[in-house]
Amino acid sequence: MNQAKTFLLMVVLTVILVGLGSVIGGKSGATLAFGIALVMNLVSYWFSDRIVLAMYHAKQVSESQAPELFGLVASLTQRAAIPMPKVYIIEDDSPNAFATGRNPEHGVVAVTTGIMRILNRQELEGVLAHEISHIKHRDILISTIAAALAGAITMLANWARWSLFFGGRGSDGDNRGGNIISVIIFSVIATFAAMLVQLAISRSREYLADQGGADLAGNPLSLANALRRLEAGVSRNPMQDANPSTAHMFIVNPFSKKGALSLFSTHPPMEERIRRLEEMAYKR
């Protein structure tokens, strides 16, 4: 279901891009904007692991340095039939984890010291399985494509507004004014819609990673219990130095944002994530 939803949302982004390109300047404008956005996001995608790991001062650990953590990751990656990812630890009391890497051959799993303190072995296994599911299903690539489409839409919309301001006015004043208003309204709506669709894709991939992680670990309730603890832990101790642009990467939002509209969130509602996991456990 969530795979189909992701595909549908990607189609919606493409339709918005083509529609906006047609309104502004035909296929050439849309193609140029998409090309620029794609190059920008591919660079980010290629170096995303190094950028985010440096941002959080993450340190790679070996099996001798973190035997339990390393052993859990190794066991789960064997079950997932993917190469062993690199394992990193972030010195931060806020409990959280994320995965990155441009493909399974370059996968990275990072956890905070806070998460290792508050979770038991089964709960930590559930979290790690969630992150390995992200790696296995190439969610970094999917996020990059979505970001490229949304970025192209935003770029086109900005070009449209600037070109209207500096492109002069035709002799048919009233008609030209109507066109200006139409383009401005459409470009604003397209930008807003692209942002919402991109966030919806992020939430959809989180549901898929929950499901894939629960299957991989073999116990949906362990991940459900971990999510409860993580939400409470982040609420008490949010990440002080977290960058909002990386919030979507973490298993739970690193900021304490209770009451925020789910429509504008990078993560699905925690209550719904837990409910789905508990439903999976009861169906087994």
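Quick summary incoming for the structure in this document. Each residue is numbered by its place in its chain's sequence as written, counting from 1. With the structure being a predicted model, the display of local features is reserved for residues of pLDDT at least 70 and the display and counting of side-chain atom pairs for 80 or more, all residues being used for whole-chain, interface and lining totals. Where side-chain values are given, they derive from all heavy atoms of the structure, hydrogens and water being excluded.

### Examining the overall build of the protein
Line of reasoning, step 1. Helix and strand counts for the protein stand at nine helices and four strands.
Line of reasoning, step 2. What counts as a helix is a DSSP run of H or I of at least four residues, what counts as a strand is a run of E of at least two, and both are numbered from the N terminus. Each helix and strand of the protein, ordered N terminal to C terminal, gives the series α-α-β-α-β-β-β-α-α-α-α-α-α.
Line of reasoning, step 3. For every residue, the accessible area obtained with a 1.4 Å probe (protein chains only) is divided by the maximum for its type, and the residue is called buried under 20%, exposed over 50%, and partly exposed between those limits. Each of the 284 residues in the protein was classed as buried or not, and the buried ones make up 48%.
Line of reasoning, step 4. Long-range pairs, those at least 24 residues apart, make up 72% of the contacts in the protein with a sequence separation of at least 6.
Line of reasoning, step 5. Accessibility throughout is a Shrake-Rupley quantity obtained with a 1.4 Å probe, and a residue counts as covered only by protein chains that appear here. With the model as given, the accessible surface of the protein reaches about 14100 Å², and the carbon-plus-sulfur share is 60%. Contact definition: two residues touch when any of their heavy atoms are within 4.5 Å.

### Description of the pairing of strand β2 (residues 86–90)
Line of reasoning, step 1. Extensive coverage of β2 is indicated by the burial of four of its five residues.
Line of reasoning, step 2. Between any two strands, at least two bridges found by DSSP are needed for them to pair. Sheet analysis places strand β1 (residues 59–60) next to β2, joined by two bridges and oriented antiparallel. The partner of Gln60 across the bridge, within β2, is Tyr88.
Line of reasoning, step 3. Sheet analysis places β2 next to strand β4 (residues 108–112), joined by five bridges and oriented parallel. The residue of β4 that forms the bridge with Ile90 is Thr112.

### A few points about the packing of aromatic side chains
Line of reasoning, step 1. In summary, the pairing rule links any two rings of Phe, Tyr or Trp, Trp by its six-membered ring, whose centres are within 6.5 Å, and it sorts them by plane angle into stacked for under 30 degrees, edge-to-face for over 60 and tilted for everything else. According to the stated counting rule, one finds three aromatic pairs in the structure shown.
Line of reasoning, step 2. Residues Tyr56 and Phe98 carry aromatic rings whose centres are separated by 6.4 Å and whose planes lie at 50 degrees to one another, so their mutual orientation is tilted. Of this pair, Tyr56 sits in the loop between α2 (26–55) and β1 while Phe98 sits in strand β3 (residues 97–100), placing them 42 residues apart in sequence. Both residues of the pair, Tyr56 and Phe98, belong to the buried class.
Line of reasoning, step 3. Consider the rings of Phe98 and Phe250, whose centres lie 5.1 Å apart with planes at 75 degrees: the pair is edge-to-face.

### Quick notes on the nonpolar core
Within soluble globular proteins, side chains that are nonpolar tend to cluster in buried spots.
Line of reasoning, step 1. Grouped together as the largest cluster of nonpolar side chains are 37 residues, with contacts concentrated most on Leu69, Ile115, Val127, Leu128, Ile132, Leu227 and Ile251.
Line of reasoning, step 2. Contributions of two or more residues to this core are made by α3 (67–80), β2, β3, β4, α5 (121–136), α7 (173–217), α8 (220–236) and α9 (270–283).
Line of reasoning, step 3. Apart from the residues within four sequence positions on either side, Val127 is in contact with Ala97, Ile115, Leu119, Leu223, Ala226, Leu230 and Ile251.
Line of reasoning, step 4. We define a nonpolar core as any set of buried Ala, Val, Leu, Ile, Met, Phe, Trp, Tyr and Cys residues linked to one another through side-chain atoms lying within 4.5 Å. The next biggest cluster of nonpolar side chains, apart from the first, holds 19 residues, and it includes Leu9, Ile142, Ala152 and Ile153.

### Description of unusual backbone geometry
Line of reasoning, step 1. Unusually for a residue other than glycine, Ala81 sits at a positive phi of about 60 degrees.
Line of reasoning, step 2. Within the fold, Ala81 resides in the loop between α3 and β2.
Line of reasoning, step 3. Even without a glycine there, the phi angle at Arg138 is positive, about 55 degrees.
Line of reasoning, step 4. Checked against the element boundaries, Arg138 lands in the loop between α5 and α6 (139–166).

### Examining a nonpolar patch on the surface
Line of reasoning, step 1. A cluster of nonpolar side chains, contributed by Val39, Val43, Trp46, Phe47, Ile51 and Met55, occupies part of the molecular surface with about 530 Å² of accessible area.
Line of reasoning, step 2. Looking at where Val39 falls in the secondary structure, it is placed in helix α2.
Line of reasoning, step 3. The class for Val39 is exposed, based on a relative accessible area of 51%. Patches here: salt-bridge-free residues with over 30% relative accessible area, like charges joined within 9 Å, nonpolar side chains (Val, Leu, Ile, Met, Phe, Trp, Tyr) joined within 5 Å. Only one rule defines a salt bridge in this text: a Lys or Arg side-chain nitrogen within 4 Å of an Asp or Glu carboxyl oxygen.

### A look at the side chain of Ser265
Line of reasoning, step 1. Summarising the element assignment, Ser265 is placed in the loop between α8 and α9.
Line of reasoning, step 2. Look at Ser265 and you get buried, because its relative accessible area is 18%.
Line of reasoning, step 3. Excluding anything up to four places from it in sequence, Ser265 contacts Leu199 and Arg203.

### Let's talk about the environment of Met155
Line of reasoning, step 1. Along the chain, Met155 falls in helix α6.
Line of reasoning, step 2. Residues Met155 and Ile36, 119 residues apart in the sequence, show an inter-C-alpha distance of 9.0 Å.

### Looking at the packing of α8 against α9
Line of reasoning, step 1. Structural elements are reduced to axes, namely lines fitted to C-alpha atoms, with helices fitted over the stretch in contact, and the angle between N-to-C directions of any two is expressed from 0 to 180 degrees. Relative orientation of the contacting elements α8 and α9 amounts to 160 degrees, with a least axis distance of 8 Å. Put simply, α8 runs roughly antiparallel to α9. Along this stretch, α8 crosses α9, giving a crossing that reads as left-handed. Residue-level contacts link Pro220, Leu221, Leu223, Ala224, Leu227, Arg228 and Glu231 of α8 to Met270, Arg273, Ile274, Leu277, Glu278, Met280 and Ala281 of α9.
Line of reasoning, step 2. Note that Gly is not counted as nonpolar here; it falls among the polar residues with everything else outside the nonpolar set of Ala, Val, Leu, Ile, Met, Phe, Trp, Tyr, Cys and Pro and the charged set of Asp, Glu, Lys and Arg. Classifying every residue of the contact of α8 with α9 gives ten nonpolar, no polar and four charged. Orientation categories follow fixed angle ranges, with anything under 35 degrees roughly parallel, anything over 145 roughly antiparallel, 65 to 115 roughly perpendicular, and all other angles oblique. By definition, any crossing whose near helix is turned counterclockwise from its far helix by less than a right angle is left-handed, and any crossing with a clockwise turn is right-handed.

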